[in-house]
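Residue-level structural notes
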Amino acid sequence: MYSLRFSLKTQKLPIVLALTALVWIVFGQTAHFSWVRYDDHDYVYRSGRVTSGLSFSNVAWAFTHFHAANWHPMTTLSHMLDCQLFGVNPAWHHFSSVVIHALATIALFFALDSLTGKNWRSAFVAGVFAIHPLRAESVAWIAERKDVLSGLFFALTLLAWSYYVRRKSVTRYLLALLAAALGTLSKPMLVTIPFVLLLIDYWPLNRFREEKIVWLLLEKIPFALVATVSAVATVLAQHGQIDTFGFSLPLRFENAIVSYAIYLRQLIWPVDLAVLYPHPEKFFPFLTIAGSAALLIALSTIAIIYRKRFPFLLFGWFWFIGMLVPVIGIVQVGRQAHADRYTYLPLIGITIALVWLIAELTVRWRFRKQIGALVSAVVIIALSACAYHQTTFWRNADSLWPHTLAVTTNNDGAHLAFATSLFAEGKTEEAIAHARTAAEIRPANAGVYGEVPVGLEGKALDEAILFWSARVENEPNNIGARNTFGVLLVQKHQTRAAVEQWESVLALNPNDGNAQSNLAWVFATAPDASLRNGTRAVELAERALKLAGGINPILYRTLAAAYAESGRFDDAIATAERGREFAEREGNRELADEFVAVLNRYRQQQPMRDASLELHEDL
């Protein structure tokens, strides 16, 4: 008995070392990567709470406030810890994500081994999880820290559940519940944990045969309560983004069916992967939807028919189907059709089903172990090579977005994101070109360019104004529409009308940072004296900067202009200097140079004037 236990323990050590090495071989390169400027600023470097690190007030804030349109306090705390230890150096933030993913991989191996008793099968599943090309987005994107962190706690939940079922005790049950709660507080997608635990009870634990189903259901109630709290908080956090784009329910169902099929294809053939897949926004061709539906029905039928002979098929298939439900798009959040990051945990189920099926079907083969080892090595090496290549695209925005545009079509969202990044790098002309391309793909994008100061003119501007004026008229409480309409009115030199739109926004929501900053800029820099109001500009700019966490360089520019208009030139100089520091830290050379120019004006006691705000109300 001693020698057997010793053999098993020593056998697991090389597996753990191999899994760790795989993760670092593929993803270790990210330690040299930068921010991709896509959501990274919301999650980390422009969040004042996050960049200020861990403190009692920040920890309390993480649990009592929404962050980046989510409620995931554990993820927020992990970002705070990184900033506490490493500042805003992206290399170390990448390093942390790789460490967490490696730990999640190891925990998954131990969990599957504990649940099934199959050492090498569990190792292969963990290996595929570790280095599949679909993992690149979750590991190499700092803003997706929630994926790897939730993955770690999810695997620990499975491990703790295995220990609890083996020898039940309140302590072991509470450990499993704690791990599940921490996972759900890392990413709300883990609201499916109660369902996954029921599947595990079915197989491999076989509790459905030995215990009453009622008891198994009652046992999951505390997990379901945790999931409910997270689900409610998530709905509240994402309220403004849920089904914002008005996709019909039938279209969302069609996209969900096709997305399931796409995820299966990507598992087997992971090519043309992108950070953003644009939603089709129209019904699919009949053959596409019929083929996808037929595939799902066929695989579901097979899993049910063969549930007694191959129970792992039902287990793995419904793990995949069930875990994707929160993000499959029935409740549409955002404009993506599907996303690689959503597969981080769901595809584990399919991988288990395939590995166990192949192992059972080849049980009588001669040289089975040798063939299995060779095939497994080839698969792992091939996936590692593909994952390494896919990860290289995440080096920075200049590599990520051209690749995304190359493998997708009509991707206005990618053009807009690339435009914002290019502008931050000081490549204004390229930024404007991509922003205008986005507007050509989707006229509704006209005027919505984030930080890219694109000026429309002529017919394009008139069409954009017509679109957004109708939107405001039909949806008078739509804050986003009013903000956008105001931007377009300024481009038409109807600045007074723009001010009216932004004032209406503040009447609807006094804490809307966009309206605050836009009004502050007009009140501080308008050439027409009748529009200027230095005192109000300072008030609005200070509030906007505070809401943004005090680290947005563009808002420092606005506040400095407001101080200058109020005659507070010392404050204007100090504020502009601070803004220049943040602009340089973000690599925005053009904005940093602009600060140098305005600093000269402020030192000469001259306020800022923006010629683009000149009035032409008769146009």
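Anything mentioned here points back to the structure above.
Structure report, in brief. It should be emphasised that the depicted structure is a prediction, and the values quoted were computed from it without experimental measurement.

When you go through the protein residue by residue, the secondary structure sums to 30 helices and zero strands. For 619 residues, the compact-globule estimate of 2.2 N^0.38 gives 25 Å, and the C-alpha radius of gyration of the protein, at 27 Å, lies within 12% of that figure. With respect to the three principal axes, the spread of C-alpha positions in the protein is 90 × 55 × 45 Å. A buried classification covers 54% of the 619 residues belonging to the protein. Of the contacts formed within the protein by residues at least 6 apart in sequence, a portion of 72% connects residues at least 24 apart.

Attention now goes to the pattern of salt bridges. Scanning all chains against the criterion turns up 24 salt bridges. Between Glu-565 and Arg-609 there is a salt bridge, and its shortest N-O distance comes to 3.0 Å. Of the two residues, Glu-565 sits in helix 28 (residues 553–565) while Arg-609 sits in the segment after helix 30 (589–603), which places them 44 residues apart along the sequence. Of the charged contacts in the structure, one is a salt bridge between Glu-577 and Arg-580, with a shortest N-O distance of 2.7 Å. Within this pair, Glu-577 and its partner Arg-580 are both found in helix 29 (residues 569–585), separated by three residues, close to a single helical turn. A cluster of three or more residues bridged by salt bridges with shared partners is formed by Lys-168, Asp-201, Arg-207, Glu-211, Glu-219 and Lys-220.

Okay, the environment of Ala-385 next. Examined against the element boundaries, Ala-385 turns out to sit in helix 19 (residues 368–392). With 359 residues separating them along the chain, Ala-385 and Val-26 place their C-alpha atoms 7.7 Å apart.

With that out of the way, let us pick up the packing of aromatic side chains. A complete count under the given rule lists 24 aromatic pairs for this structure. Relative to Tyr-173, the ring of Tyr-164 lies with its centre 5.4 Å away and its plane at 65°, an arrangement referred to as edge-to-face. The same class applies to Tyr-164 as to Tyr-173, namely buried. Taken together, the ring pairs in this structure connect Phe-154, Trp-203, Tyr-306, Phe-310, Phe-312, Phe-315, Trp-319 and Trp-356 into an aromatic cluster. Across the ring face of Tyr-342, the terminal group of Arg-341 is positioned such that the distance to the ring centre comes to 5.1 Å. The ring of Trp-521 carries Arg-557 above its face, with NZ or CZ at 4.9 Å from the centroid.

Turning our eyes to something else, we now look at helix 9 (residues 145–166). Across its 22 residues, helix 9 extends 32 Å between first and last C-alpha, which sits within 8% of the 32 Å expected from 1.5 Å per residue. Of all 22 residues in helix 9, 19 are buried, a share of seventy percent or more.

A word on the side chain of Ser-300. Here Ser-300 is to be found in helix 16 (residues 286–305). Residue Ser-300 is classed as buried on the basis of its relative accessible area, which comes to 18%. Side-chain polar atoms of Ser-300 contact the side chain of Trp-317, separated by 2.8 Å.

End to end, helix 28 covers 19 Å across 13 residues, agreeing with the expected 18 Å (1.5 Å per residue, within 8%). When you tally the buried positions in helix 28, you get 11 out of 13 residues, the bulk of the element. Those residues of helix 28 hidden inside the fold are in contact with helix 26 (513–525), helix 27 (534–547), helix 29 and helix 30. Where helix 28 begins, the side chain of Asn-552 points an oxygen toward the backbone nitrogen of Ile-554, at a separation of 3.0 Å.

Cut-off values and rules
Residues numbered from 1 in each chain as written. Predicted model: local features only at pLDDT ≥ 70, side-chain atom pairs only at ≥ 80, totals over all residues. Heavy atoms only, no water. Helix = DSSP H or I, 4+ residues; strand = E, 2+ residues; numbered from the N terminus. Rg over C-alpha atoms; globule rule 2.2 N^0.38 Å. Buried < 20%, exposed > 50% of the residue type's maximum accessible area, 1.4 Å probe, protein only. Contact = heavy atoms within 4.5 Å. Salt bridge = Lys/Arg side-chain N within 4 Å of Asp/Glu carboxyl O. Phe/Tyr/Trp six-rings, centres within 6.5 Å; stacked < 30°, edge-to-face > 60°. Lys NZ or Arg CZ within 6 Å of the ring centre and 35° of its normal. Expected span 1.5 Å × (residues − 1). Polar contact = N/O pair within 3.5 Å; in protein donor to acceptor, adjacent residues only side chain to side chain.

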